[in-house]
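Notes for the structure review
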Amino acid sequence: EERGGEEVEEAKEIEATTPEEPPEEPLDPYDFNAGVISSIIDKSNLQWITNRVHNTCKPLMGSGKPQWEKLPSLVAMMREMVNMIHALYFSSSKNNKDVATQLLRQLVYEWDFGETLLMLIKEFRPSRNTRQYFADVVEVTYTVLRLVKSFSDDNPNAQVLRKRRRTKHSKKKIEKEGEGENLAGSELEDLEEEQFEETNFNYDSYIRKFANFQVVAAYTWMIGKFKVNSQQTNHQTLKMLDLVSRKCDHLPLLFQTSVFRVFDRVLSDTEAEGKKEYKETVDFVRWVVREFFKLALQSPCLFAEVVTWTKSHGDAELIKNLYKPVEREKKQKKGRGDDDEYILKQQGKSGATWSDDDDLALREFFEQFSTKANAPQIIATLMDGHGAAAIAKRLNKLGLFMGGAVNGEWSEGEFDDDDQDEEEEKLYVHARRLRNKAPAALDW
């Protein structure tokens, strides 16, 4: 008995000194081999599919036309990759989530993937692209936004590589032949170089890029197919429009005739009324229409806005605030002339500074309209805060010459806003002042 008691005590001492084994991970519903997946979906493959999609949609000059028929298979491949990362990231296995986190960190660091999604949405045309193709684009975009939102919340210090273009002034030596001698001299030459810097990834800043009339137009077209779409596609489409109207606070972007035509078909469809699978669609459409008429009751001028697209964030703010001017940061006494200048600045008539984001947007629009002789005027309608003359001047400075350029450069005088739009600006100033002082005067 004594010997047996000693053995029991010795066994307890051994048990006490033995380290406890870590608890087993719960079984994951997906039988993933994270190592195999990370070798298939890695940084190089994500970059490859991004470059293929971009070059297929917007080929380099001299390399042929866009090959729209090849995009569906490429976008379907993007969908499978993104869905796999999504399943890994929201897996109950820590190992799986670590692999997905590393992939997302690499994806966000060089954020070409996100910009490519925006390009696919803006380049969608019902006449050349199929409904199923755009359904895949909608799914990829929805999944990526959900992934990146969760990733940015879990990793607030995630970095993104930001491209900057800087202009350097350098002296270029030139030689001129004179009478019997060589005359040497120099002239200043502007050289543009690309620089990269790391900065924190800002999810809210990225989703504001979706507050765009081209995005709204494409997704509204998809809403018109709500009876043919799957319930998942309808939900993902509505989430984007909800993001634009609520999260980005740009509901006036949906106040347009073509949008309301689609909404009218939805609300007039008797089969959709009362059906559970269409309830989310009907409720959202009804909410947008009600919000429009609430604002229209306070300012009937809103009925004139539906004739054309609201293209700038500044205009969306003015409509949302019932045409009241945005409050100035510093309150100070100003004369009427200053008020006129301030009003025109809100409309984008005065000379504003150019940020890196403005230059990036200008380059994107230039690629789209470079062959048009009036490209600066077209781009001026799409960019907030810059007139046609300012855009022509900036295009020349960035070396973006093509199409309608004269002697290799855009003629800034041809797009002189002050001479061409003087009467229009006066009319705008008086109309805006009436809206501020006596809105009833413009009820007609």
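Quick caveat, the model's predicted, so the values are computed rather than measured.

Attention now moves to the overall build of the protein chain. For the protein chain, the helix and strand inventory stands at 20 helices and 2 strands. Scored against the burial criterion, the 444 residues of the protein chain give a buried share of 39%. Sequence-distant contacts, at least 24 apart, represent 70% of the contacts inside the protein chain between residues at least 6 apart. When the accessible surface of the protein chain is totalled, it reaches about 26,500 Å², and 49% of it is carbon and sulfur.

We now examine helix 3 (residues 43-57). Look at helix 3: 21 Å from first C-alpha to last across 15 residues, which is about the 21 Å you get at 1.5 Å a residue. Taken together, the buried positions of helix 3 are occupied by L46, I49, T50, V53, T56 and C57. The buried residues of helix 3 occupy an angular sector of 140° when projected down its axis, which confines them to one face. Buried residues along helix 3 sit against helix 4 (71-89), helix 5 (94-109) and helix 6 (112-122).

What follows concerns the pattern of salt bridges. By the definition in use, this model includes 18 salt bridges. Here R79 makes a salt bridge to D136, at a shortest N to O gap of 2.8 Å. With a gap of 57 residues between them, R79 in helix 4 and D136 in helix 7 (residues 131-154) connect regions that are remote in the sequence. Accessibility assignment for this pair places R79 and D136 in one class, buried. The salt bridge partner of D242 is R246, with a shortest N-O separation of 2.4 Å. Of this pair, D242 and R246 both sit in helix 10 (residues 231-247), 4 residues apart, which is roughly one turn of the helix. Judged by its relative accessible area of 45%, R246 falls in the partly exposed class.

Another aspect to go through is the side chain of T220. Structurally, T220 can be placed in helix 9 (residues 213-223). T220 gets classed as buried once you look at its relative accessible area, which sits at 3%. From its side chain, T220 meets the backbone oxygen of V216 in a polar contact 2.6 Å long. If near-sequence neighbours (up to four positions away) are discounted, T220 is found in contact with L241, V259, V262 and F263.

Position of L318 among the secondary structure elements: in helix 14 (residues 313-320). Accessibility expressed as a relative area gives 2% for L318, which makes it buried. Put simply, L318 and P252 are 66 residues apart on the chain and 9.4 Å apart in space, counted from C-alpha to C-alpha.

Our next topic: the packing of helix 6 against helix 9. Where helix 6 contacts helix 9, the two axes come as close as 8 Å, and the packing angle between them is 60°. The two elements helix 6 and helix 9 meet at a crossing, and its hand is left-handed. Contact residues: helix 6 offers L118, I121 and K122, while helix 9 offers Q214, V215, A218 and Y219. Residue classes in the contact of helix 6 with helix 9 are distributed as 5 nonpolar, 1 polar and 1 charged.

A positive phi is found at D249, a non-glycine position, where the angle reads about 60°. Residue position: D249 is located in the loop between helix 10 and helix 11 (257-268). Take D249: its relative accessible area is 38%, and that puts it in the partly exposed class.

What follows deals with the packing of aromatic side chains. Going through the model one piece at a time under the given rule, you end up with 17 aromatic pairs. Seen from their ring centres, F124 and W221 are 5.2 Å apart, and the 55° between their planes marks the pair as tilted. Placement of F124 in the loop between helix 6 and helix 7 and of W221 in helix 9 is noted, with a sequence separation of 97 residues between them. Note on F124: relative accessible area 5%, which makes it buried. Centroid distance F255 to F292: 5.1 Å. Interplanar angle 70°. Geometry classified as edge-to-face. Placement of the pair is F255 in the loop between helix 10 and helix 11 and F292 in helix 12 (residues 279-298), with a sequence separation of 37 residues.

If you look at soluble globular proteins, the nonpolar side chains tend to sit buried side by side. Ranked by internal contacts, the top residues of the largest apolar core, which has 102 residues, are W111, F113, L120, F134 and F210. Here this core gets 11 residues from one element, more than from any other, and that element is helix 7. In contact with W111, other than residues within four places in its own chain, are V144, V148, V160, F201 and Y206.

Mapped onto the elements of the fold, H250 is located in the loop between helix 10 and helix 11. Owing to a relative accessible area of 7%, H250 belongs among the buried residues under this scheme. With residues up to four places along the chain from it excluded, the contact list for H250 reads A211, V244, S245, H313, A316 and E317.

With that settled, the discussion passes to the packing of helix 9 against helix 11. Where helix 9 meets helix 11, the axes come as close as 9 Å, and the angle between the chain directions of the two elements is 20°. Comparing the axis directions of helix 9 and helix 11 gives the class roughly parallel. By crossing handedness, the relation of helix 9 to helix 11 is classed as left-handed. Counted together, V216, T220 and I223 of helix 9 and V259, V262, F263 and V266 of helix 11 form the full contact between these two elements. For the contact of helix 9 with helix 11, a count of residues per class yields 6 nonpolar, 1 polar and no charged.

Thresholds, definitions, all that
Residues numbered from 1 in each chain as written. Predicted model: local features only at pLDDT ≥ 70, side-chain atom pairs only at ≥ 80, totals over all residues. Heavy atoms only, no water. Helix = DSSP H or I, 4+ residues; strand = E, 2+ residues; numbered from the N terminus. Buried < 20%, exposed > 50% of the residue type's maximum accessible area, 1.4 Å probe, protein only. Contact = heavy atoms within 4.5 Å. Areas by Shrake-Rupley, 256 points an atom, 1.4 Å probe, with all protein chains shown as cover. Expected span 1.5 Å × (residues − 1). Arc of directions from axis to C-beta. Salt bridge = Lys/Arg side-chain N within 4 Å of Asp/Glu carboxyl O. Polar contact = N/O pair within 3.5 Å; in protein donor to acceptor, adjacent residues only side chain to side chain. Axes fitted to C-alpha atoms, helices over the stretch in contact; angles between N-to-C directions. Left-handed = near helix turned anticlockwise from the far one by under 90°. Nonpolar A, V, L, I, M, F, W, Y, C, P; charged D, E, K, R; others polar. Phe/Tyr/Trp six-rings, centres within 6.5 Å; stacked < 30°, edge-to-face > 60°. Core = buried A, V, L, I, M, F, W, Y, C linked by side-chain atoms within 4.5 Å. Parallel < 35°, antiparallel > 145°, perpendicular 65-115°, else oblique.

Structural measurements only, silent on function.
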